[in-house]
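Summary of structural features
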4 protein chains.
Amino acid sequence: MVTPLTARDTLDVAGLERLVERLVTGGVSGIFVLGTTGEAPSLSHRLRREVVEHTCRFVSGRVPILVGITDTSIVESAQLAGAAADFGADAVVTSAPFYFPAGQPELREFIEELLPELPLPLMLYNMPSLTKTSFSREVVAWALGQEKIVGLKDSSGDLVYFRKMRYLAETARPDWSFLVGPEELLAETVLLGGHGGINGGANLHPTLYVELYQAAKAGDLSMTRALSEAIYQVGKHGSAIIKGLKCSLSILGICDDFMAAPFHRFHEAEREVIRGRLGELGIVE
Amino acid sequence: MVTPLTARDTLDVAGLERLVERLVTGGVSGIFVLGTTGEAPSLSHRLRREVVEHTCRFVSGRVPILVGITDTSIVESAQLAGAAADFGADAVVTSAPFYFPAGQPELREFIEELLPELPLPLMLYNMPSLTKTSFSREVVAWALGQEKIVGLKDSSGDLVYFRKMRYLAETARPDWSFLVGPEELLAETVLLGGHGGINGGANLHPTLYVELYQAAKAGDLSMTRALSEAIYQVGKHGSAIIKGLKCSLSILGICDDFMAAPFHRFHEAEREVIRGRLGELGIVE
Amino acid sequence: MVTPLTARDTLDVAGLERLVERLVTGGVSGIFVLGTTGEAPSLSHRLRREVVEHTCRFVSGRVPILVGITDTSIVESAQLAGAAADFGADAVVTSAPFYFPAGQPELREFIEELLPELPLPLMLYNMPSLTKTSFSREVVAWALGQEKIVGLKDSSGDLVYFRKMRYLAETARPDWSFLVGPEELLAETVLLGGHGGINGGANLHPTLYVELYQAAKAGDLSMTRALSEAIYQVGKHGSAIIKGLKCSLSILGICDDFMAAPFHRFHEAEREVIRGRLGELGIVE
Amino acid sequence: MVTPLTARDTLDVAGLERLVERLVTGGVSGIFVLGTTGEAPSLSHRLRREVVEHTCRFVSGRVPILVGITDTSIVESAQLAGAAADFGADAVVTSAPFYFPAGQPELREFIEELLPELPLPLMLYNMPSLTKTSFSREVVAWALGQEKIVGLKDSSGDLVYFRKMRYLAETARPDWSFLVGPEELLAETVLLGGHGGINGGANLHPTLYVELYQAAKAGDLSMTRALSEAIYQVGKHGSAIIKGLKCSLSILGICDDFMAAPFHRFHEAEREVIRGRLGELGIVE
């Protein structure tokens, strides 16, 4: 979920409520706040807690809520996890600490040190292009032995990695969830046994992603192909990246398109392009 | 296809013949020589021509032969393409020149300059991890307008890229072939409309790959899942990389496992491990 | 300056005092807290403020204090800068925000948005290996026009970049400071007109670095060569990286060697190796 | 030395003769052909031999000639080394094979396998930005024990690496030459004990580089600073990269500016810019 903002350190609370409604009524199986698409690392820690608080209030138990606690400081991660539990979230999600590149043993120790601090189940978040570190086969094998760890979200774009990790877990932890990041890979992933996606584009068009997931899960190949191609169409027009998502949501009247630094909202000309494409896609008239 | 060698500059001609037979009778749709798995850049230009000559002779028209002409020198690439035509090959394949990293305009100009020299159709070969350069959307769009270019082999491992390029070609050049490099992606690719794979592992176990291709093409999801998992099993044991392939083929009595510099064949201990695994996989007794 | 800790979120205040004394009496021209060597991104924001507060108190105006405010959130950076001014620091230092890789225009805008929030002069900190982004020639040229920006600390290890930036500033801003990160480059930098270094190794052996700086500034080539080689000797033994520095300082009785996650202090065996080398270097008996 | 060409596979023999004269009378200590600036990997093997043959003839023993034999095929490298000896060259130079990224043990074995084939002394050439592989400390330590290896040319731009390797050789092999690639680092290198540079810019302005070398060797800091700044001026105008060098040499009437694929000579507009700058630098009227 994107984080609707009206200013650098001000949440667009009304926009957040509309966005939550759009997602929940669009049929999503859960909501992930404070991920990459949520611009979490760019937000103050105070605002991050505010996002969790309001989201939990608006969702009100209708779907599970996952909270990103990725940070460079384990102390801040643990504090945010505590707040997430207090507000009623269902799980937390962390990638590798991302300033110092941790070696694999250090990455394992980092998770090991974090686990006892967490009042909620933990999902690992593999995001090497931004964190400079991937969870290795060895670390994932270790994580399979930790009851509190419940799954892996893989945004590496590397389907070979994704499926290797999934095969690794197959007998040891059939309860683990394997979710894929790049939305363009949702179809392939689910067709061959993955569990779903955490896909930024679903902010804009949740039903499309829900339908693709259902078609792939049912093994309906022709429907899967058609919907998958539709998702590439969304992506092609720059409306699936964070700026484009916020711009699109603003055009739809859902929420403000203010971006946290170092980014800025699209200018009017780019906004017109997005508006035109939303029209072509039938998302606005 | 791997390149069987008995010494640094000596082709294992008898081994090559056995390997060609294994592949053709295994049901492959074509043979690609002098690719990455063929260690082409590590071979002398004289030996590269010898590989083409003997392969053409052994295949004898039963399946099409594609010849890798990737080189840092356009003059050498053109000369090898000429030889390939003389020996009776069906197409040539080139990636980007890989010492100087070419910008995209330069990459396009490189292909443009090479085309008139080629007596055979050309397939592009995207291999950014080794060539430092990917064929951009713009270059592929240009290539779609060149009659002599007939397809793209993508070994990037990036399925999002692969499918973007495929969608790009869909109406402009329905005759293009889109083939995938990493064998672990063969299933996904074909399920969603790709045309096949050029997969090193097929040297070892051609029927497995042919069956997976056919299952995916027929939309048989449970068979696709089972065979795809089998391929991950092959890969897991290091037998799908070049050294492992040659070692396995040597254990099977197909050809020598001599590696071109800078690599060396597996030592006896590693060879024993591979032997054990081939047994587990049911490939040797 | 390293950040002495006794636990994950507990400052080693007495150790900090001893370290400050070592540096100030060792003749350094200034103290930089909360940089990379200070493990700043791994510390809670509360602890970061505590470091600044105590350092300012212990230094008590004897040398200028620079405070690292690098963060992924501009709001947190601005708040820390405010605290730094309140505690009496002299300048703040920021690198690029380091989760999302900012393009150069975005990097310029980020600094532009940050500047009015800063009650202190700003030094730029180029650290591309950890932030994924370098300050480009264009951004540095723009920064030369901002009165509040007073210099560049370059930890890229790329001396060609360093000198290009220095020549760029030569007439426009002769007041700028150009300081180099990797201590092994201190000699070269100062010999050819740079202003000094911010070098982790100075925690351990401040007088060595002060003497090298003075020799290079005086153009004493033979002394520069000898001292420069000595610094390579320090580095060779792993005592110049953060873990090694903290271990060495602990052996010397200066401060605790607790490391912030994801790192851990050296084990006893490694500690013995460091102890032996400090002996060889004449730093302990 | 750049490789003057009049067409894709045609040497500009008269231009080569003028260029050799310019360099030798400009006072260089030796000539390095078929390096990166010589576009060697882009040339046919036939043309590479022709370059060596004519250069040896034109130099006629006045300065030593080093020949780059870097290739992806050890067979081709060995054959070119043989030809170089036959034509009367003095040494050969090789970087790592650059298609397959060799691990360090494989890199050592590659050099070990190459050595007995070489009729001439060998200098190592560290060029990781193009070969993807750096010669590690361990490989250099091994090389110090090989009598036939006589030095290291380092084009990594990493002065810390350069000096670490130099200190490593100091007692073991005081006869080794340590030469630096990026010309902007020539001054620093020589001031602190390096032996010189192999610098593309010397094609254009050999005396400038010779004077800088002499000033740095003599420890004349103010002259070193002035000349070093002059070299940055040359580089700033794009005349120090291969295209710019060939364009400048063509303006000076030395040789043709034909570039081997995938590159092309500058267009007229860029050529005018270079002409203007050569005027400002006082190289043409």
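Computed from a predicted structure; not experimentally measured.

Remarks on the overall build of chain A
Secondary structure assignment for chain A yields twelve helices and nine strands. Relative to its length of 285 residues, chain A is compact, with a C-alpha radius of gyration of 18 Å against a globular reference of 19 Å. Projecting the C-alpha coordinates of chain A onto the three principal axes gives extents of approximately 50 × 45 × 35 Å. The 285 residues of chain A split such that 62% are buried.

Side note on the relation of the copies chain B and chain D
Expressed as a screw transformation, the operator carrying chain B onto chain D has a rotation angle of 180° and an axial translation of 0.0 Å, and the superposed copies differ by an RMSD of 0.0 Å. The operation mapping one copy onto its partner corresponds to a two-fold rotation axis. Taken as a fraction of all interface residues of chain B, those also at the interface in chain D reach 100%, which identifies the copy contact as same-surface.

A closer look at the interface of chain B and chain D
Contact residues are listed per partner, giving 38 residues for chain B and 38 residues for chain D. Interface of chain B and chain D: buried area, both sides summed, is about 3,500 Å²; carbon and sulfur atoms make up 61% of it. In this structure, the connection of chain B to chain D is made through six salt bridges. Between B:E106 and D:K243 there is a salt bridge whose closest N-O contact spans 3.8 Å. Seen at the junction of chain B and chain D, the total is 13 residue pairs in polar contact (both at pLDDT 80 or more). Mapped onto the side of chain B that touches chain D, the elements with two or more residues apiece are helix 2 (45–59), helix 3 (74–87), helix 4 (104–114), helix 5 (128–131) and helix 11 (242–251) of chain B. At four residues, the largest contribution of residues to the side of chain B that touches chain D is made by helix 4 of chain B. A per-class count over the side of chain B that touches chain D returns 18 nonpolar, nine polar and eleven charged.

Quick notes on unusual backbone geometry
Along the chain, A:A261 connects to A:P262 via a cis peptide bond; the corresponding omega equals 10°. By the secondary structure assignment, A:P262 is in the loop between helix 11 (242–251) and helix 12 (268–280).

Quick word on the nonpolar core
Ranked by size, the top nonpolar core spans 190 residues in total, and within it A:I31, A:V67, B:I31 and B:V67 carry the most contacts. C:A202, D:L19, D:W176 and D:F258 belong to the second-largest nonpolar core, a separate cluster that totals 189 residues.

What to know about the environment of D:L192
Tracing the sequence through the fold places D:L192 in the loop between helix 8 (186–191) and strand 9 (196–197). Setting aside its immediate chain neighbours within four residues, D:L192 contacts C:A187, C:E188, C:L191, C:T224, C:R225, D:R163 and D:R166.

Digging into helix 3 of chain B
With 14 residues, helix 3 of chain B extends 20 Å between its outermost C-alpha atoms, agreeing within 8% with the 20 Å of an ideal straight helix rising 1.5 Å per residue. Buried within helix 3 of chain B are the following residues: B:I74, B:V75, B:E76, B:S77, B:A78, B:L80, B:A81, B:A83 and B:A84. Close packing links the buried residues of helix 3 of chain B with helix 2, strand 4 (65–68), strand 5 (91–94) and helix 4 of chain B together with helix 2 (45–59) of chain D. Positioned one or two residues after helix 3 of chain B, B:G88 has a phi angle of 100°, which is positive.

A closer look at the interface of chain A and chain B
In this complex, chain A contributes 25 residues to the contact, which on the side of chain B involves 25 residues. A buried area of about 2,200 Å², summed over both sides, lies between chain A and chain B, and 63% of it is on carbon and sulfur atoms. Among the residues of chain A in contact with chain B, A:Y167, A:L192 and A:Y232 are the three that bury the most area, contributing 25% of the side total. At the junction of chain A and chain B, the tally comes to two salt bridges.

Digging into the relation of the copies chain A and chain B
When chain A is brought onto chain B, the operation consists of a screw motion whose angular component is 180° and whose axial shift is 0.0 Å, with 0.0 Å RMSD remaining. Here 100% of the interface residues in chain A have copies in chain B that are interface residues too; the copies meet face to matching face.

Structural notes on the sheet that holds strand 5 (residues 91–94) of chain A
Residue and element names in this part refer to chain A. Across the sheet, which stays open at both edges, the seven strands sit in the order 3-4-5-6-7-8-9 with parallel pairing between neighbours. Pairing within the sheet leaves two strands with one partner each, and these edge strands are strand 3 (31–33) and strand 9 (196–197). In this structure, strand 7 (residues 149–154) lies alongside strand 8 (residues 177–180), joined through four bridges in parallel fashion. Within strand 8, the position partnered with G151 by the bridge is S177.

Structural notes on the packing of helix 2 of chain D against helix 3 (residues 74–87) of chain D
Residue and element names in this part refer to chain D. Their axes nearest at 9 Å, the elements helix 2 and helix 3 cross at an angle of 20°. By the criterion of interaxial angle, the relationship of helix 2 to helix 3 is roughly parallel. Between helix 2 and helix 3 lies a crossing of right-handed hand. Here H45, R48, R49, V52, E53 and C56 of helix 2 lie close against helix 3, whose contacting residues are E76, L80, A83, A84 and F87. The residue makeup of the contact of helix 2 with helix 3, split by class, is six nonpolar, one polar and four charged.

What to know about the arrangement of the chains
Separating chain B from chain C is a minimum C-alpha gap of 18 Å, and the two share no contact. Of all C-alpha pairs spanning chain A and chain D, none lies closer than 18 Å, and the two are not in contact.

Let's talk about the confidence of the model for chain A
Here chain A averages 94 in pLDDT, and 98% of its residues register 70 or above. Of the two predicted TM-score estimates for the complex, the pTM is 0.94 and the ipTM is 0.95.

Considering helix 12 (residues 268–280) of chain D
Residue and element names in this part refer to chain D. Between the first and last C-alpha of helix 12 there are 18 Å, a value that for 13 residues agrees with the 18 Å anticipated at 1.5 Å per step. Within the sequence span of helix 12, burial applies to R271, I274 and L278. Seen along its axis, helix 12 keeps its buried residues to an arc of 60°; they face one direction. Looking at helix 12, the residues exposed on the side facing more than 90 degrees away from the buried face are A269 and E280. Those residues of helix 12 that are buried are in contact with helix 11 (242–251). Two residues or fewer after helix 12 comes G282, characterised by a positive phi angle close to 80°.

Description of the packing of aromatic side chains
Per the stated rule, a full pass over the model turns up 30 aromatic pairs over all chains. Centre to centre, the rings of A:F100 and C:F263 are 5.5 Å apart; their planes meet at 70°, and the pair counts as edge-to-face. One end of the pair, A:F100, is in the loop between strand 5 and helix 4 (104–114); the other, C:F263, is in the loop between helix 11 (242–251) and helix 12 (268–280), on a second chain. Put simply, the rings of A:F98, A:Y99, A:F100, A:F263, C:F98, C:Y99, C:F100 and C:F263 touch in pairs and so form one group of aromatic residues. Between B:K132 and the ring centre of B:Y99, over which it is positioned, the NZ or CZ distance is 5.8 Å.

Observations concerning the state of the cysteines
All names here are of chain A. One pass over the structure, following the stated rule, counts zero disulfides over all chains. In this structure C255 is not part of a disulfide, and its nearest cysteine sulfur, from C247, lies 11 Å away. What makes C255 buried here is its relative accessible area of 5%.

Here is what the cut-offs are and how they apply
- Residues numbered from 1 in each chain as written.
- Chains lettered and ligands numbered in written order.
- Predicted model: local features only at pLDDT ≥ 70, side-chain atom pairs only at ≥ 80, totals over all residues.
- Heavy atoms only, no water.
- Helix = DSSP H or I, 4+ residues; strand = E, 2+ residues; numbered from the N terminus.
- Rg over C-alpha atoms; globule rule 2.2 N^0.38 Å.
- Buried < 20%, exposed > 50% of the residue type's maximum accessible area, 1.4 Å probe, protein only.
- Least-squares fit on C-alpha atoms with pLDDT ≥ 70 in both.
- Contact = heavy atoms within 4.5 Å.
- Buried area = accessible area lost by both parts, 1.4 Å probe.
- Salt bridge = Lys/Arg side-chain N within 4 Å of Asp/Glu carboxyl O.
- Polar contact = N/O pair within 3.5 Å; in protein donor to acceptor, adjacent residues only side chain to side chain.
- Nonpolar A, V, L, I, M, F, W, Y, C, P; charged D, E, K, R; others polar.
- Core = buried A, V, L, I, M, F, W, Y, C linked by side-chain atoms within 4.5 Å.
- Expected span 1.5 Å × (residues − 1).
- Pairing = 2+ DSSP bridges.
- Axes fitted to C-alpha atoms, helices over the stretch in contact; angles between N-to-C directions.
- Parallel < 35°, antiparallel > 145°, perpendicular 65-115°, else oblique.
- Left-handed = near helix turned anticlockwise from the far one by under 90°.
- pLDDT = per-residue confidence, 0-100.
- Arc of directions from axis to C-beta.
- Phe/Tyr/Trp six-rings, centres within 6.5 Å; stacked < 30°, edge-to-face > 60°.
- Lys NZ or Arg CZ within 6 Å of the ring centre and 35° of its normal.
- Disulfide = S-S within 2.5 Å.

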